[in-house]
Structures are given as C-alpha cells and as structure tokens.
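Breakdown of the fold
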Amino acid sequence: TSAERPNPMQFSSSTGELTLDMEKETFGAISPRSEGAVLPPGQSFHGRFMKVEKNSAFAGFLAAAMDGNPLSQSMRILLIHATQCRNTGLTIRADGKTYDSWGTLPLLMRRGTAQVTFARDLSGFTLYALDFDGARLFRVPLTRNGFEADNSPGGKAVAAYELAKESQDVRL
C-alpha cells in the first residue's frame, strides 16, 4: 500500500525487476537477458547492464540479448532507441483520442539523442545502425563501454542498433 512506501508515487515489483516513478514519469525493467526504460527528456536510467543519460526526448530504450545469453555475456545485442513515430499527415482531434486521418508514409520520427553505456568492455564489438526492416545501415562509433545514440544522424532515420562481436575465422 502507499502508506508502506516512502514515496507513494514510486512503485517496484517484489523482485525489483520493474520500477515505476509517477513523479518522474519513468519506467524501468531489468532481467538478465534484457533491460529497458521509458524516459522523458532529462531523465536517466541505471540498470545492472545499461545506463542511459543525457536523454533529449521522450523515448523508450531496450537492450535485449539475441543469442539467449545474459547481457553480460551476450555476443549479439539488439538496442532500441524509440521516440515518437507517426505517419506524415496524421491528424488527431483535440481530445487526443480520435484520429481524423491516419496519414501516409513516409514515417516521421522525433529526433532523440542520449548517452548509452554498458557495464561491460566492448572491445572487439561492432555497433551497427539499423533501418526499420532490420538492415544494417552503417557502423556507429563505440567507446570502450558505450555510444552516443542519435536516431537521425545526418537526417537518416535509425530504428535500432545491433551490437555484435563477430568471431574471427582462423585459417591454418
């Protein structure tokens, strides 16, 4: 009950894997193979594996192991940085619930940036920006443990990222 919590606007699951802060308008989810957060501008997320800071827009962030391993051991991780996305020409009435027109393609995406770091050395990893169909667009510069997320560098929409440590074939 709210009387038992120090702050009645903050909620946490019994395992601590899910957190909701209604004052800060943040949500976080942490498990061994995935971590995610929903954050308004200026708020941060500090998970066990992923940290998001300097967030510029209302956005959702997700790190999910794609090989079944825990994030701390995974060799292939999907990273999502999702801001508001809608069709060109979409019109919504003042009530915010009624759509007058669904609009058409192309999709319009709100620009967002953030500093994303991981509790892991990323030496040997490559970070790829992904298109909406999952195709690799280009390599994104990595630091030892993170990167600058930008979902529209140079005006090109980035839907997600793939962080991969590709094995080196040894030929004798």
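Residues numbered from 1 in each chain as written. Predicted model: local features only at pLDDT ≥ 70, side-chain atom pairs only at ≥ 80, totals over all residues. Heavy atoms only, no water.

Section: the side chain of N151
By the element assignment, N151 lies in the loop between β16 (146-150) and β17 (160-164). Side-chain polar atoms of N151 contact the side chain of T83, separated by 3.0 Å. Within the structure, the side chain of N151 is placed 2.8 Å from the backbone nitrogen of G112, a separation counted as a polar contact. N151 has contacts with H81, T83, M109, R110, R111, G112, K156, A157, V158 and Y161, leaving out every residue within four places of it along the chain. (Helix = DSSP H or I, 4+ residues; strand = E, 2+ residues; numbered from the N terminus. Polar contact = N/O pair within 3.5 Å; in protein donor to acceptor, adjacent residues only side chain to side chain. Contact = heavy atoms within 4.5 Å.)

Some points on the pairing of strand β3 (residues 26-31)
Burial along β3 is one-sided: T26, G28 and I30 are buried, while F27, A29 and S31, pointing the other way, are not. The sheet contact formed by strand β2 (residues 18-21) and β3 spans 4 bridges and is antiparallel. Bridging from a neighbouring strand, L18 pairs with A29 of β3. From the end of β2 to the start of β3, which pair antiparallel, there are 4 residues, and E25 there has a positive phi angle of about 60°. The pairing of β3 with strand β4 (residues 34-39) spans 5 bridges and is antiparallel. Counterpart to A29 in the pairing with β4 is G36. Between the antiparallel neighbours β3 and β4 lie 2 residues. (Buried < 20%, exposed > 50% of the residue type's maximum accessible area, 1.4 Å probe, protein only. Pairing = 2+ DSSP bridges.)

A word on the sheet that holds strand β15 (residues 136-140)
The strand order across the open sheet formed by 9 strands is β1-β2-β3-β4-β7-β8-β17-β14-β15, and the pairing between neighbours is antiparallel. Across the chains shown, the open sheet's two edge strands, defined by having one partner strand only, are β1 (10-12) and β15. On average, adjacent strands in this sheet sit at an angle of 15° to one another, irrespective of strand direction. (Axes fitted to C-alpha atoms, helices over the stretch in contact; angles between N-to-C directions.)

Considering the packing of aromatic side chains
Two numbers describe a pair of aromatic rings. These are the distance of the centres and the angle of the planes. This model, assessed by the stated rule, comprises 4 aromatic pairs. Aromatic side chains Y99 and W102 sit 4.5 Å apart centroid to centroid with 10° between the ring planes, which places their arrangement in the stacked category. Judged by relative accessible area, which is 38%, Y99 ranks as partly exposed. A ring pair is formed by F147 and Y161, whose centres lie 4.9 Å apart and whose planes are at 65°; its orientation type is edge-to-face. Taken together, the residues F147 in strand β16 and Y161 in strand β17 connect sequence positions 14 residues apart. Considered together, F147 and Y161 belong to a single accessibility category, that of buried residues. By the ring-pair criterion, three or more aromatic residues cluster together here, those being F49, F118, F147 and Y161. For R136, the ring lying beneath its charged end belongs to Y128, and the centroid distance is 3.8 Å. (Phe/Tyr/Trp six-rings, centres within 6.5 Å; stacked < 30°, edge-to-face > 60°. Lys NZ or Arg CZ within 6 Å of the ring centre and 35° of its normal.)

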